Structure formats: C-alpha cells, structure tokens
Amino acid sequence: MSMLTPPGMGGKYRIKGNKYPRMRRPRRRGRLVGLVVASAAVLGVGGWGAWQLVDVFTGGGRKASAAGSGTECGPETKASPSPSAKPLPEPRAITVNVFNATTRSGLAKKTADELKKRGFKIGDVGNATKQYDKKVKGPGVLLGPASALDTSLPVLGTQLPGAERRSEAARKGAAVDLVIGDGFKELAKKPDADRALTKLARPEPAPSSKKDC
C-alpha cells in the first residue's frame, strides 16, 4: 500500500503512483430544478397581481362599475332644443311693407306680389324714404320693432338671404319693412325658402360631447 493511501482505504480507493482519485460530491440536480420551478411560479403570481392593480387604476374598475350599474358609454347624443326659444310666427301672421330704394321702377310691386303668393300679408308698397333711397348697397334691409328681431325678421329673411336686419326701438306696431337695395336680383327660390323656413322652425339640436368614461 502506498504511503499516499489513507489508513483503512484499499481496493478501488487505493492510490497508486502519484495520482489522486477525484472525490466528487453527488450532484443535486433535482433540488436545482425545484428551485427554478418555484421561482417561476412566484414570479408568475406576482406578475398577475401587478397586472390586476394596473387594470384597476387605468380604467378596468370603471368598466366593471359601469357594467354593474347598467350604464355604459354610448355614442354621442344630441341635445334637445331649448324650451325657452320664442315661437316663430307663420308668414300669414306677418305684415310686410315693401319699399324700393333702387332706380329700377316696379321692383317693389313685383316683390310684394311674390311675397303675397308665399303667404305673407302685404302692407304699404312704394319707394323708400329719403333715409334709405339709393343708399342700400346690398340686396336689402329688413326693418322692424325690437320684438321682431328674433321672430318676424328671421322668417322674412328666409325669402331674401343676405339682407341686413335692423330693429328700431321707437317703432310702433308689429309690421316689418323690406327695403330693396341695389344688390337685389330676386327673392330666394320658393323651394329654397321653404326649406329655410322648415329649418328655422325646427333647428337641429347641437350635438353634446361624449360621456367621460
């Protein structure tokens, strides 16, 4: 037995020559695999919990609340017209005085006859006063009392788009004036005027913004 052989060891553990046998510890692969699996499970559970927290703080909670209450964010809705708006008079309830402020003769009578066919009542017809005669450059001026500014004048304005509207505080009576200007060519075509009247009487409500979800 060699002097390098520890006491009590022989056989295959006997050291021969100048080489030592390699004494390895048994490998613990099973324990290492178990640790890896356990770590993956812990990370998975932690990640799932973090995702739930993110979902709650970024809107998931609101969605669940909306589903539970039966209310959801729907499409954009339209607001109803204001009930405080003044009712507009019909053409037959409006008396119109037609005055010609241009150098073209017969224009006031021709315009008054057409307005009568469209249902308006006709009052005075003739030349414009000195205040407006040859001084109206646009298609016309619509005059009336202050109360007509949001009632009769808009209705009359559907027959002559582009006409200027003015109110006179000291004016008496409910009649309104149509003063024909140099830019006048003709009244609006009846179908166009009728559509404008319908839109004026039943305005489309303004769309409201979407619900904040």
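A brief structural summary. (Residues numbered from 1 in each chain as written. Predicted model: local features only at pLDDT ≥ 70, side-chain atom pairs only at ≥ 80, totals over all residues. Heavy atoms only, no water.)

### Looking at the side chain of Arg-171
Quick note on the threshold: For the purposes of this entry, the term helix denotes a DSSP run of H or I that reaches at least four residues, the term strand denotes a run of E that reaches at least two, and both are numbered from the N terminus. Each polar contact in these results corresponds to two N or O atoms within 3.5 Å; when the atoms are within protein, one needs to be able to donate a hydrogen and the other to accept it, and residues that are neighboring in sequence are counted only if both atoms are side-chain atoms. For this analysis, residues touch if any pair of their heavy atoms sits within 4.5 Å.
Of note, Arg-171 is situated in the loop between strand 4 (164-167) and strand 5 (176-180). For Arg-171, the side chain forms a polar contact with the side chain of Glu-168, separated by 3.1 Å. Those residues within four positions of Arg-171 in sequence are excluded, and the remaining contacts are Asn-97, Leu-143, Gly-144, Pro-145, Val-176 and Asp-177.

### As for the side chain of Thr-102
Where we set the bar: Summary of the burial criterion: residues with accessible area below 20% of their type's maximum are buried, those above 50% are exposed, and those between are partly exposed, where the area comes from a 1.4 Å probe applied to protein chains only.
Within the secondary structure, Thr-102 sits in the loop between strand 1 (95-100) and helix 2 (107-117). By relative accessible area, which is 8% here, Thr-102 ends up buried. A polar contact of 2.7 Å, which involves the side chain of Thr-102, links it to the side chain of Asn-100. From its side chain, Thr-102 meets the backbone nitrogen of Arg-104 in a polar contact 3.2 Å long. Excluding anything up to four places from it in sequence, Thr-102 contacts Leu-107, Ile-180, Gly-181 and Asp-182.

### Quick word on helix 2
Basically, it comes down to this: In this description, the arc belongs to the directions extending from the helix axis to the C-beta atoms.
Inspection of helix 2 places Leu-107, Ala-108, Thr-111, Ala-112 and Leu-115 among the buried residues, and these make up the whole buried set. Axial view of helix 2: buried residues confined to an arc of 125 degrees, hence all on one face. Opposite its buried face, helix 2 presents the exposed residues Lys-109, Lys-110, Lys-116 and Lys-117, each directed more than 90 degrees away. Each element contacted by the buried residues of helix 2 is listed here: strand 1, strand 2 (121-127), helix 3 (152-157) and strand 5. Gly-119, located one to two residues past helix 2, shows a positive phi value of around 105 degrees.

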